[in-house]
Amino acid sequence: MFRRIIGKPKQETNALATLDKLNETLEMLEKKEKVLLKKATAEVERAKEFTRAKNKRAAIQCLKRKRLYEQQVEQLGNFQLRIHDQMILLEGAKATTETVDALRTGAAAMKAMQKATNIDDVDKTMDEINEQTENMKMIQEALSTPIGAAADFDEDELEAELEELEGADKAEQKKTNLLLCRLKWLFDELQSPNKECCRD
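From a predicted model like this one, the values you see are computed outputs, not experimental measurements.

What counts and how
- Residues numbered from 1 in each chain as written.
- Predicted model: local features only at pLDDT ≥ 70, side-chain atom pairs only at ≥ 80, totals over all residues.
- Heavy atoms only, no water.
- Helix = DSSP H or I, 4+ residues; strand = E, 2+ residues; numbered from the N terminus.
- Buried < 20%, exposed > 50% of the residue type's maximum accessible area, 1.4 Å probe, protein only.
- Contact = heavy atoms within 4.5 Å.
- Areas by Shrake-Rupley, 256 points an atom, 1.4 Å probe, with all protein chains shown as cover.
- Polar contact = N/O pair within 3.5 Å; in protein donor to acceptor, adjacent residues only side chain to side chain.
- Core = buried A, V, L, I, M, F, W, Y, C linked by side-chain atoms within 4.5 Å.

### Quick look at the overall build of the chain
When you go through the chain residue by residue, the secondary structure sums to 5 helices and 0 strands. Seen in sequence order, the chain has helices and strands lined up from the N terminus as α-α-α-α-α. A buried classification covers 18% of the 200 residues belonging to the chain. Of the contacts formed within the chain by residues at least 6 apart in sequence, a portion of 78% connects residues at least 24 apart. Entry remark: accessible area of the chain is about 15700 Å², with carbon and sulfur atoms responsible for 55%.

Written out as C-alpha cells, the structure is:
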C-alpha cells in the first residue's frame, strides 16, 4: 500500500553513463599524451643526428617540432584537468539530484498521508532547483572555453638548445676517444711494457 501511495521510483539519470564516457575520454587523452612525449623524444634524437652530420637547419626543424609536441602535451594536460573537474561536478550534481529526489519522495508520502498541500514549499523547492541548474550551466560553459596554442618560437632559445646538444655530443665523443686511447695504451703495454702511453 505504501508503494502505491508514493508511486514508482523514477528512472535513474544517465549520470553513470556520462561518467563512463568521461573516463574513456580521459584514457584516450592519456594515451595521446604518451604518444606525443615519445615523438618529442624522437625529435631530440634526430636533432642530435643532424648535429653530428653538420646539418644545422634540419636540427633546428627537429627542435621546432619538439616544441610543438610539447605544447600539445601541455594542452592535453589542461584537457585532462578539465575532465577531472567535470567528473567532480557531475558526481556532485548526481548526489544533489538523488538528494532532491529523496526529499521529493518524502514530501509526496507526507502529502498523501496528511492530505494537505503547501504550494509555497513546492515553489521554493522548484526555485532552488532552477537556481542550481543555472549555476551548473554557467560553470560548465566556463569550463568548456577552448584553449588556443601559440606556435611562436624564439630563435635564440633554439640556437642555445642546439649548442647544448652539440656540447653534450662533443663531450661524449671526447670521453669515448680517451677511453679508446687508454685501451690502446694498455694493449701496447701488454705487448711492449717499455712503450710510451698515448697522451690525452
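### A word on unusual backbone geometry
A positive phi is found at Lys54, a non-glycine position, where the angle reads about 60 degrees. Structurally, the position occupied by Lys54 is in the loop between helix H2 (15-52) and helix H3 (56-114). Residue class for Lys54 comes out exposed when judged on its relative accessible area of 71%.

### So, the side chain of Thr51
Within the element layout of this structure, Thr51 appears in helix H2. Polar contacts involving the side chain of Thr51 include one to the main-chain carbonyl oxygen of Ala47, which spans 2.7 Å. Aside from chain neighbours lying at most four places away, what touches Thr51 is Ala59, Leu162 and Glu166.

### Quick notes on the nonpolar core
By size, the foremost hydrophobic cluster in this structure holds 12 residues: Leu19, Leu22, Leu26, Leu29, Leu36, Ala40, Tyr69, Val73, Leu76, Ile83, Met87 and Leu90. Counting only elements with at least two residues in this core, the list comes to H2 and H3. Residues contacting Ala40, with those up to four places away along its chain left out, are Lys66 and Tyr69. Of all hydrophobic cores here, the second largest spans 8 residues; its members include Ala47, Ile60, Cys62 and Leu165.

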